[in-house]
Amino acid sequence: MVQYVIESLAFQLVFIIIYDVFLRRETFFQWNRLYLLGTCVLSFLMPLVALDIFKSKVPDAVAVYTPFMFSNYDLETNTTLLNETNVAQQLTMPWYGILFSIGVVVALFLFLFKIRQLYKLRKRGEKTVYTDFTEVVLKQSNSAFSFFKTIFLGDEIKTKEYHNIIAHELVHIRQKHTLDLLFFEVMRIALWFNPLVYIYQSRISEVHEFIADAKVAKTHRKEQYELLLSQVFQTENISFINHFFSSSLIKKRIKMLQKNQSKKIWASKYLLLLPTIVCILFYTSSKGQEKDTDKENDIIEVKEAPVKQDVKEVPFSVIDEVPVFPGCENATDKKACFNDKINEHIRKHFSYPESAQKEGVQGRVSVRFVMMEDGSIGEIQMRGSDVRLEEVALNIIKKLPNVTPGKQKGKAVRVPFSLPITFRLTPETDKEKLTKDVKTALLRKEQEEKDRLYKDAKEVPFSVIDEVPVFPGCENASDKKACFNNKINEHIRKHFSYPESAQKEGVQGRVSVRFVMMEDGSIGKIQMRGPDVRLEEVALNIIKKLPNVTPGKQRGKAVKVPFSLPITFKLQKKND
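Residues numbered from 1 in each chain as written. Predicted model: local features only at pLDDT ≥ 70, side-chain atom pairs only at ≥ 80, totals over all residues. Heavy atoms only, no water.

(A) Local environment of the packing of aromatic side chains. In this structure the tally under the stated criterion is 28 aromatic pairs. Plain terms: the ring middles of Trp31 and Tyr270 are 5.8 Å apart, the flat faces sit at 40° to each other, and that makes the pair tilted. Highlighted residues: Trp31 in helix H2 (residues 29-45) and Tyr270 in the loop between helix H10 (247-258) and helix H11 (273-294), separated in sequence by 239 residues. The exposed category is assigned to Trp31, whose relative accessible area is 54%. For the ring pair Tyr498 and Phe569, a centre distance of 5.5 Å and an interplane angle of 90° mean the geometry is edge-to-face. (Phe/Tyr/Trp six-rings, centres within 6.5 Å; stacked < 30°, edge-to-face > 60°. Helix = DSSP H or I, 4+ residues; strand = E, 2+ residues; numbered from the N terminus. Buried < 20%, exposed > 50% of the residue type's maximum accessible area, 1.4 Å probe, protein only.)

(B) Up close: the environment of Leu181. Relative to the assigned elements, Leu181 resides in helix H7 (residues 177-190). On the basis of relative accessible area, Leu181 is assigned to the buried category, the value being 0%. C-alpha of Leu181 to C-alpha of Ser205: the two residues are 24 residues apart in sequence and 7.2 Å apart in space.

(C) Quick peek at helix H13 (residues 334-349). Here H13 contains 16 residues, and its C-alpha end-to-end distance of 22 Å stays within 8% of the 22 Å for a straight helix at 1.5 Å per residue. Of the positions making up H13, those classed as buried are Cys337, Phe338, Asn339, Ile342, His345 and Ile346. Residue Asp333 occupies the N-cap position of H13, its side-chain oxygen lying 3.3 Å from the main-chain nitrogen of Lys335. (Expected span 1.5 Å × (residues − 1). Polar contact = N/O pair within 3.5 Å; in protein donor to acceptor, adjacent residues only side chain to side chain.)

(D) Geometry of the sheet that holds strand E7 (residues 377-383). On the basis of which strands lie adjacent, the open sheet formed by 3 strands has the order E7-E6-E10 and antiparallel pairing. Taken across any chain shown, the strands that pair with only one partner, and hence form the sheet edges, are E7 and strand E10 (415-423). When strand polarity is set aside, the average angle formed by the axes of neighbouring strands in this sheet is 20°. In this sheet, E7 lies alongside strand E6 (residues 363-371) in antiparallel orientation, the contact comprising 5 bridges. Across the sheet, Met371 pairs through a bridge with Ile377, a residue of E7. Along the sheet, helix H15 (residues 387-398) contacts E6, E7 and E10; its crossing angle with E7, the most-contacted strand, is approximately 160°. (Pairing = 2+ DSSP bridges. Axes fitted to C-alpha atoms, helices over the stretch in contact; angles between N-to-C directions. Contact = heavy atoms within 4.5 Å.)

(E) Inspection of the sheet that holds strand E15 (residues 561-569) at higher detail. The sheet built from 3 strands is open, its strands ordered E12-E11-E15 with antiparallel pairing. Strand pairing shows two members of the sheet lacking a second neighbour, strand E12 (523-529) and E15, which therefore form its edges. Sheet twist, expressed as the average angle between the axes of neighbouring strands with direction ignored, equals 20°. Bridge count between strand E11 (residues 509-517) and E15: 9 bridges; the pairing is antiparallel. Across the sheet, residue Arg514 finds its bridge partner in E15, namely Ser564. In the packing of helix H18 (residues 480-495) onto the sheet, contacts are made with E11 and E15, and the angle to E15 comes to roughly 40°.

(F) Seen up close, the side chain of Ser512. Locating Ser512 in the fold gives a position in strand E11. There is a polar contact of 2.4 Å between the side chain of Ser512 and the side chain of Tyr130. Sequence-distant contacts of Ser512, that is, excluding residues within four places in its chain, are made with Tyr130, Gln527, Met528, Arg529 and Leu565.

(G) Representation of the environment of Arg529 within the structure. Topologically, Arg529 is positioned in strand E12. Through-space distance from the C-alpha of Arg529 to that of Val511 is 5.5 Å; in sequence the pair is 18 residues apart. A polar atom in the side chain of Arg529 sits 3.1 Å from the side chain of Glu135.

(H) Here's a closer look at the nonpolar core. In terms of nonpolar packing, the biggest core is built from 32 residues, with Phe338, Val367, Phe369, Met371, Phe417, Leu419 and Ile421 touching the most fellow members. Beyond its immediate chain neighbours, meaning those up to four positions away, Met371 contacts Phe316, Pro323, Phe338, Ser376, Ile377, Val403, Val413, Arg414, Val415 and Phe417. (Core = buried A, V, L, I, M, F, W, Y, C linked by side-chain atoms within 4.5 Å.)

(I) Highlighting the pairing of E6. Burial analysis of E6 places 7 of its 9 residues in the buried class, the great majority of the element. With antiparallel pairing between neighbouring strands as the criterion, E6 and E7 make up a hairpin whose turn holds 5 residues, including Gly375 at a positive phi of roughly 90°.

And the structure:
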């Protein structure tokens, strides 16, 4: 295992050196992204590959059998029945295993902590849901980053910068860059000690920014975009999100924006990967050959000690003719049929001692028995967590029918078989555990928390208010919230108009609108943001025509209720 890890690290180092020396400064960003992902995966697979074409001698095939290989039911606990000392040694973890496990736990904890940070930011921010993404506005912040389909923006970001940043983050979303970063985040958890994984994640993050910058620069004013990048902003310290303002990358991104497109001929640099892979395969295959040569004497020694004809017991997994369970005589795969039948037998005769259930006793009973030369069942051994469970397991095995004996070289022999029988209490569901009193207490606590949050609030969100505002015509509706949404959509369709000048110029996009339904039911505090002033004017006119509503109430008192919605202006494509 240690050698495998060392080889993987060495291959990663070679791939990173090739990338940094030959490919990093080129503008083939998508190819660089594929290279980084592909070579990271290859570095873990290639130590396992050994091709015969690179071997000077193909070794003879040798069948090596382990005397104590059992069926699918065999467990390490069976060895315990035979040799407790060996099992104790196997279960003892070396110091480096303990250190590795501690590192994995710490890395996993840090990852979960970062996820919690994102969750808190999302919960704390003001959310607006659009077709392609969800916008979360962070108060008193000028951060800008994306995670999956969520874009986080600080409320201190200027309006003129908004469209460039959104266009940039949409590239990350559409190309699923978050998945790349999470892949390397998982690698950081499993291989926390490997510095090259951190370098890989840094390089892929860099490529993501180059890809997004290149896309935005094609459709937006390049000079203005470079000016935006040159400003210094704060960033969240989370390694698997796409930062817009990352001070460590700003200079590189501006430099790459100003760089001319790489000539196609330089794409031939990626061919350097081929001889590198060939050399690595030659090494891994030769290494495999050396190991075979070193162990040649051991293999011959095993080959010279095959199962003899007069052996007393032959393992189930290597016997010539497995024992045949009644009912499996005509089965094409008698071994699989044997396993199915013995499972069926256990289910049929299984019983859970009531006293053990009441005391919460559960666990696994490891059972070993021998199918004798005459097909009878004997030499039953078992070990479990409780005597009562062992008695049930013993009863199950004693009820096994005689089988057609197994044969080795045509002669009936004894065949040992091992299996675990698990006793597990079915846990009650949360619904069954909670009494009515506990449920009532939980509901009361939830309501108290809700009241505490909005007790002195000047505005109460539409989604959590006790009594939502009632749109005219929805007074008798059973679901007033759904009726409100339907009525407001109907109102927009009725009063919608597309400015002719905007149509002629091909102007389209989405206007984000926010307004507040006041304590007296009137509409006020109208805010909007869109790609063009003419579209914003149309949206403003629509909202101004909204009728007064029955005001929303929180704890029986009329309050202000904010409401947000997008109004989309989209030109229909003419048919050819």
